[in-house]
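Spelled out from the first residue to the last, the chains are:
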Amino acid sequence: MRVIGMMSGTSHDAVDAAAADLTLEGDTLLLRPLGMVSAPYPEELRSALAAALPPAATTLREVCRLDTGIGRAFAALAVRADRELCDGRADLVVSHGQTVYHWAERGRVHGTLQIGSAAWIAEATGRPVVSDLRSRDVAAGGQGAPLVSAVDVMWLRGRPGVPAALNLGGIANLTVAAGPSGPVAFDTGPANALIDAAVHALTGGRLDHDRDGALAARGTVDAALLRRLLDEPYYAKPPPKTTGKELFHWPYLQSALAGSERLPPQDVVATVTRLTARTVADAVRSAGASEVVASGGAPAIRP
């Protein structure tokens, strides 16, 4: 069975599609990767999406427009993935869509919203489409994130010690495949969410991410700002737990910066970069991980 899996992460810069050939031999599921393709969101669509995300206000009209625009972007890439990776013989498309809100309160997730209507994918490809994956996990009592932890556990659990998979996107998440209390998966906090927000705001929108860490490398970590950021209650919560850009955004960082003298942009970026490293390291240490396999998506290259 040839399956195309699609998603866009919390950096909302591009749509990715990966294809695999799945076969069942007895009780063993075999997965043979067929490749991956990616396409950046059109700039107008990306800007509209960024403008509608929390803590900004939006309208149902704009949500509908975004749902259609993102659905069409996914559909175009699905057609390309089928042609280039599956020789036009894909059996199924699975679409995560684009997360725009994750409703987490009082230690549990009450709901989650992904847009990018799967109907556009089905019409463009003529293939069956599975979607709304995160909502189903929440309805079943899960946190809705991290989403791929079950696969991480399957391929890591045979390794010695306490292996863990770390994913660095807009939000960082950790899956611990084995341990005293069994597998556990949770969001550690921001990965590039605050870095991207700081770069975009402090360069007046000229840049949207810190390419190759160049800004952070030129800056100095501000100890006082770092301490205030580390006081965030989320970090002290026990796993499993989940968070998102509903919490970690530019106004959040602005509030922390209010207690500092005006810092050079490179110092702000260096400090939030250290925050990511520190909170990830703390999470890995507290989980007792003996091995970490790290991954993360690179920003799409603009034409």
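Residues numbered from 1 in each chain as written. Predicted model: local features only at pLDDT ≥ 70, side-chain atom pairs only at ≥ 80, totals over all residues. Heavy atoms only, no water.

Participant: Outline the sheet that holds strand β9 (residues 184-190), supporting the account with residue identities and numerical values.
Facilitator: Spatially, 4 strands are ordered β9-β8-β7-β10 in an open sheet, and the strand pairing comes out mixed. Two strands lie at the open edges of the sheet, namely β9 and β10 (291-296), each paired on one side alone. Ignoring which end each strand starts from, the neighbouring axes of this sheet average 20° apart. As paired strands, strand β7 (residues 163-168) and strand β8 (residues 171-176) are joined by 5 bridges and run antiparallel to one another. Bridge assignment links A165 to a residue of β8, and that residue is T175. With respect to the sheet, helix α5 (residues 149-156) is in contact with β7, β8, β9 and β10, its orientation differing from that of β7 by roughly 140°. (Pairing = 2+ DSSP bridges. Helix = DSSP H or I, 4+ residues; strand = E, 2+ residues; numbered from the N terminus. Axes fitted to C-alpha atoms, helices over the stretch in contact; angles between N-to-C directions. Contact = heavy atoms within 4.5 Å.)

Participant: Provide a residue-level description of a nonpolar patch on the surface, including the pertinent values.
Facilitator: Judged by side-chain polarity, L147, V148, V151, M154 and W155 come together as a nonpolar surface patch covering roughly 480 Å² of accessible area. Mapped onto the elements, V148 comes out in the loop between α4 (133-139) and α5. (Patch = residues over 30% accessible without salt bridge, like charges linked within 9 Å, V, L, I, M, F, W, Y side chains within 5 Å. Areas by Shrake-Rupley, 256 points an atom, 1.4 Å probe, with all protein chains shown as cover. Salt bridge = Lys/Arg side-chain N within 4 Å of Asp/Glu carboxyl O.)

Participant: Explain the pairing of strand β4 (residues 92-105) to me, and be specific about the residues and the numbers.
Facilitator: Look at any regular strand and the pattern is simple: side chains alternate between the two faces of the sheet. The buried count for β4 comes to 10 of 14 residues, which makes it a mostly enclosed element. Inspection of the sheet shows strand β1 (residues 2-8) paired to β4 by 5 bridges, in the parallel sense. For I4, the partnering residue across the bridge sits in β4 and is V93. In this sheet, strand β6 (residues 129-131) lies alongside β4 in parallel orientation, the contact comprising 3 bridges. The residue of β6 that forms the bridge with S95 is S131. Two strands pair when backbone bridges link them, and β4 and strand β5 (residues 108-115) are joined in this way by 7 bridges, in the antiparallel orientation. Looking at β5, one finds that E105 is bridged to R108. (Buried < 20%, exposed > 50% of the residue type's maximum accessible area, 1.4 Å probe, protein only.)

Participant: How would you sum up the packing of aromatic side chains? Please name residues and give values.
Facilitator: A complete count under the given rule lists 3 aromatic pairs for this structure. Ring geometry for Y235 against F248: centres 6.2 Å apart, planes inclined by 20°, an arrangement best described as stacked. With Y235 in the loop between α8 (223-230) and α9 (250-257) and F248 in the loop between α8 and α9, this residue pair connects regions lying 13 residues apart in the sequence. Just as Y235 is buried, F248 falls in that class too. Measuring from ring centre to ring centre gives 5.2 Å for F248 and Y252, while their planes differ by 75°; the resulting arrangement is edge-to-face. The exposure classification of F248 matches that of Y252, with both residues buried. (Phe/Tyr/Trp six-rings, centres within 6.5 Å; stacked < 30°, edge-to-face > 60°.)

Participant: Give me the lowdown on α5, citing residues and values where you can.
Facilitator: Buried within α5 we find S149, D152, V153 and L156. Seen end-on, α5 carries its buried residues on one side only, within an arc spanning 100°. What points out from α5, more than 90 degrees from its buried face, is the exposed set A150 and M154. Where α5 is buried, its residues meet β7, β8, β9 and β10. (Arc of directions from axis to C-beta.)

Participant: Describe unusual backbone geometry, with residues and values.
Facilitator: Put simply, P54 and P55 share a cis peptide bond, and its omega is 10°. Inspection of the secondary structure assignment puts P55 in the loop between α1 (43-52) and α2 (60-85). Backbone torsion omega between P239 and P240 reads 0°, so that peptide bond is classified as cis. A positive phi angle is found at D87, which is not glycine, with a value near 55°. Mapped onto the fold, D87 is located in the loop between α2 and β4. Notably, D132 is not glycine yet its phi reads approximately 60°, a positive angle. Summarising the element assignment, D132 is placed in the loop between β6 and α4.

Participant: Kindly report on the packing of α8 against helix α10 (residues 265-287), identifying the contributing residues and their values.
Facilitator: The contact between α8 and α10 brings their axes to 10 Å, and the two run at 45°. On the basis of their axis angle, the class for α8 and α10 is oblique. Of the two possible hands of crossing, α8 and α10 adopt the one that is right-handed. Residue-level contacts link L225, L226, L229 and L230 of α8 to T271, V272, R274, L275, R278 and T279 of α10. (Parallel < 35°, antiparallel > 145°, perpendicular 65-115°, else oblique. Left-handed = near helix turned anticlockwise from the far one by under 90°.)

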